[in-house]
Amino acid sequence: MPYTADDPRQWSPDELRARIPGWGVDSDPADRPSYPKQRFAPGETGAHWELPDQQPEHAPRERSIEHARLTPVFGTVAPLRGLSGAIRRFAYARFSEGRAAHWLLLILGDRVDVIESSVTSLVSGHPDELVSETGVLSEKRRHGIASRFGRGRVDVKHQWIDPLLVVGPWLLASWGAIALVRKVFRSR
Amino acid sequence: MKAMVYRGPYRVRIEEKDIPAIEHPNDAIVRVTRAAICGSDLHLYHGMMPDTRVGTTFGHEFIGVVEAVGPSVANLQVGDRVMVPFNVYCGSCWFCARGLYSNCHNVNPNATAVGGIYGYSHTCGGYDGGQAEYVRVPFADVGPMVIPEWLDDEDALMLTDALPTGYFGAQLGDITEGDTVVVFGAGPIGLFAAKSSWLMGAGRVIVVDHLENRLAKAREFAHAETFHFGEYDDIVVALKKATDHLGADVAIDAVGAEADGNLTQHITAAKFKLQGGSPIALNWAIDSVRKGGNVSVMGAYGPMFSAVKFGDAMNKGLTLRMNQCPVKRQWPRLLEHIRAGYIKPSEIITHRLPLDDIAEGYHMFSAKLDGCIKPVIVPSAA
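The structure reproduced in this document is the subject of the present report. (Residues numbered from 1 in each chain as written. Chains lettered and ligands numbered in written order. Predicted model: local features only at pLDDT ≥ 70, side-chain atom pairs only at ≥ 80, totals over all residues. Heavy atoms only, no water.)

**Here we look at the overall build of chain B**
We count it as follows: For helices the rule is a DSSP run of H or I covering at least 4 residues; for strands it is a run of E covering at least 2, with both sets numbered from the N terminus onward. As defined in this context, the radius of gyration uses C-alpha atoms, and a globule is described by 2.2 Å times the residue total to the power 0.38. Only protein chains enter the calculation, and the probe is 1.4 Å; a residue is then buried if its accessible area is under 20% of its type maximum, exposed if over 50%, and partly exposed in between. Contacts were defined at the residue level, with two residues in contact if any of their heavy atoms lie within 4.5 Å. Residue exposure ignores everything except the shown protein chains as possible cover, and the areas themselves are Shrake-Rupley values with a 1.4 Å probe.
From N to C terminus, chain B includes 11 helices and 17 strands. On C-alpha atoms alone, chain B measures out to a radius of gyration of 20 Å, which is about the 21 Å that the 2.2 N^0.38 rule sets for 382 residues. Taken over the C-alpha atoms alone, chain B extends approximately 60 × 45 × 40 Å along its principal axes. Here chain B holds 382 residues, and 71% of them are scored as buried. For chain B, restricting intrachain contacts to residue pairs at least 6 apart in sequence, the fraction spanning at least 24 positions comes to 72%. Carbon and sulfur atoms provide 51% of the accessible area of chain B, an area that totals close to 10600 Å².

Here you go:
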């Protein structure tokens, strides 16, 4: 008990060594790979440059305002486009990573992106398959009921929210679109 | 080529994409032979990570064969069988020169708070990942390593993230011989953290989760004592009783942003995205470790604020340590341990699926169906 100075723990190195493969082989903290935390060793990385060549910037690339420059290398997947692109561009140009507005705008951009992409996908002839893309059709094959119930799983209590989160925004958007169309027709 | 593509929260599909091109002189193009879905991919899949764009390909755990190299690549050749750390890093910036590969400053224009990660949103640099037939690998002379002849493909795959991260988590706990270590989360990272704690001389290792199949794996694979937190009114009190009311010397959070165990925290963070992550496991770690103890955080959280119990951490005099794992720093030692037979990392793999079944893989892993602990993806071009 910690109410006195005696250490209550009982353990036996010999027993552990016999039971656990490799027990204690990395016991010395100074011999562990990440010691010391910041070990100056630039020659060990394989880099053969002082500063990497600059990757060509074929289109304006958004960046954090906490950076002094565009980094030498960057990802080029899914460049900014549409309304979601405008929201994200504003988040990067106006707010640092220290501001909640930066991240909240990026999350807003994500949601707008989903709607824009679904519409684009529909027009391009490769529409979203809202059910099969969720993978729920594999429920039976993957023992959905047996995996969830009678096993003391804590997360089952709130899994009913997941379908609402997936389908809910689409229902709301559809309701909004129908309401808008009705309003336009009624005003004529 | 075929690639997994994100379509929105909880939705992914396979699309035809262009085979990636060399965009920088030190790039390589790798034909993916095995990829894995990581628990942290689920944060993207659930729409929790800001700037996750529709059309991106996830996957930061992959191995493959070098298909093409840029003009400045000196250490790799076409045809090499390589494993690629999940970190994209340059090897020469202020941080890389000091071994902080996961904190590279030259690869992520979108944020200074995190380095580059394959297939992990634009917040982590906007790179496509390896759940595809081909992937662009920047700084081919720095990150990838030719897989030793004796090493099995699936063991190599586990070396790209899960095993080094678990091992790194145990290291950040600064375990000394005889320490009691409690690991929150019996997923791949938690299992490897528990296993690694023994290598560092732990006297006792306890694993906490609520999924019985994972706790069974923790007992069998990691030789750990286990606690099902759903069976206790208050897991912190249970852990205190189990440690003579002293508390564990070291606690490792191997859960992260979508932790369960407190409905309010989970709903506000994981469902309504009002926090960067649900810090239930982290708060349990803070409260169950002994005064003056160490808390190591390997669970991934988003960049927004989270309701963490810093007051308790301060009053208890805790040391909190955390980082994304600098994978390649761990490889030489972990290869020794695998060769010595101390760890067989592929033992945690439970499912293997073709790339075409990616939606099923994500749903199964996300909903914890079919006893899934670690799903591996096999691209058809493999």
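Read on for the rest.
**Side note on the environment of R153 of chain A**
What counts, and what does not: Definition of a polar contact: a pair of N or O atoms within 3.5 Å, with one able to donate and the other able to accept a hydrogen when the atoms are protein atoms, and with sequence-neighbouring residues admitted only if both atoms are side-chain atoms.
In this fold, R153 of chain A is placed in the loop between α4 (144-148) and α5 (161-187). At 2.7 Å, the side chain of R153 of chain A forms a polar contact with the backbone oxygen of A367 of chain B.

**Side note on the pairing of strand β2 (residues 11-16) of chain B**
Residues and elements named next belong to chain B. Selection rule: In this scheme, strands are said to pair when DSSP sees at least two bridges between them.
Strand direction decides the pairing type here: strand β1 (residues 2-8) and β2, joined by six bridges, are antiparallel. Bridge pairing in β2 places G8 opposite R11. Hairpin geometry of β1 and β2 is characterised by an intervening segment of two residues between the two adjacent antiparallel strands and by a positive phi of about 70° at Y10.

**Digging into the interface of chain A and chain B**
Convention followed: The term buried area denotes the loss of accessible surface (1.4 Å probe radius) that occurs when two parts are joined, taken as the sum for both partners. What makes a salt bridge here is a side-chain nitrogen of Lys or Arg within 4 Å of a carboxyl oxygen of Asp or Glu, nothing more.
At the junction of the two partners, chain A supplies 101 residues and chain B supplies 109 residues. Each partner contributes to the roughly 8700 Å² buried at the junction of chain A and chain B, and carbon and sulfur atoms together form 54% of this total. Salt-bridge contacts for R88 of chain A lead to D51 of chain B; the nearest nitrogen and oxygen are separated by 3.1 Å. Where chain A touches chain B, the interface holds 74 residue pairs in polar contact (both at pLDDT 80 or more). Where the side of chain A that touches chain B is concerned, the elements lending two or more residues are α1 (13-19), α2 (82-94), α3 (100-123), α4 and α5 of chain A.

**Structural notes on the side chain of T123 of chain B**
The topology assignment puts T123 of chain B in the loop between β7 (116-117) and β8 (134-137). T123 of chain B sits in the buried class, given a relative accessible area of 4%. Of note is the side chain of T123 of chain B, whose polar atom sits 2.6 Å from the backbone oxygen of P50 of chain B. Setting aside its immediate chain neighbours within four residues, T123 of chain B contacts W103 of chain A together with M49, P50, D51, N108, N110, A111 and V114 of chain B.

**A short note on the nonpolar core**
All names here are of chain B. What counts is decided by this rule: Buried residues of nine kinds, namely Ala, Val, Leu, Ile, Met, Phe, Trp, Tyr and Cys, make up a nonpolar core once their side-chain atoms join them within 4.5 Å.
By size, the foremost hydrophobic cluster in this structure holds 108 residues, and its most contacted members are M83, L159 and Y362. Among the elements that take part in this core, helix α4 (residues 188-199) stands out by supplying seven residues, more than any other. The contact partners of L159, leaving out residues within four places of it in the chain, are M83, L151, P164, V327, W331, L334, L335 and I338. L282, A285, A313 and L318 belong to the second-largest nonpolar core, a separate cluster that totals 26 residues.

**A closer look at helix α3 (residues 162-172) of chain B**
In an α-helix, one turn spans 3.6 residues, which is why side chains three or four residues apart end up on the same side. A large share of α3 of chain B lies buried, amounting to 11 of its 11 residues. Taken from the residues just after α3 of chain B, D174 of chain B is the one with a positive phi, measuring 50°.

**Notes on the packing of aromatic side chains**
Residues and elements named next belong to chain B. What counts is decided by this rule: Centres within 6.5 Å are what make two rings of Phe, Tyr or Trp a pair, Trp counting through its six-membered ring; a difference in plane orientation under 30 degrees is then read as stacked, over 60 as edge-to-face, and the rest as tilted. Lysine and arginine charges are scored as sitting over a ring when NZ or CZ, respectively, is within 6 Å of the ring centre and within 35 degrees of the ring normal.
The final tally for this structure, using the stated rule, is 14 aromatic pairs over all chains. Taking 6.3 Å as the distance between ring centres and 45° as the angle between the ring planes, the aromatic pair formed by F184 and W284 counts as tilted. Here F184 is found in strand β10 (residues 180-184), whereas its partner W284 is found in helix α8 (residues 280-288), with 100 residues between them in sequence. The burial state of F184 is the same as that of W284; both residues are buried. Here F192 and F221 contribute two aromatic rings whose centre-to-centre distance is 5.8 Å and whose plane-to-plane angle is 75°, an arrangement assigned as edge-to-face. Of this pair, F192 sits in helix α4 while F221 is found in helix α5 (residues 212-222), placing the two residues 29 residues apart along the sequence. One exposure class covers both F192 and F221, and it is buried. Among the aromatic side chains, those forming a connected cluster through ring pairs are Y6, Y10, Y45, F58 and Y362. If you follow R98 out to its NZ or CZ, it ends over the ring of W94, 3.9 Å from the centre. Over the ring of F365 we find K368, and its NZ or CZ is 5.9 Å from the ring centre.

**A look at a nonpolar patch on the surface**
This is how it is decided: To count toward a patch, a residue needs a relative accessible area above 30% and no salt bridge. Like charges then connect within 9 Å, nonpolar side chains (Val, Leu, Ile, Met, Phe, Trp, Tyr) within 5 Å.
A cluster of nonpolar residues, I115, V119, L122 and V123 of chain A, forms a patch on the protein surface that exposes about 420 Å² of accessible area. Tracing the backbone through its elements, the reader meets L122 of chain A in helix α3.

Nothing here speaks to function; it is all geometry.
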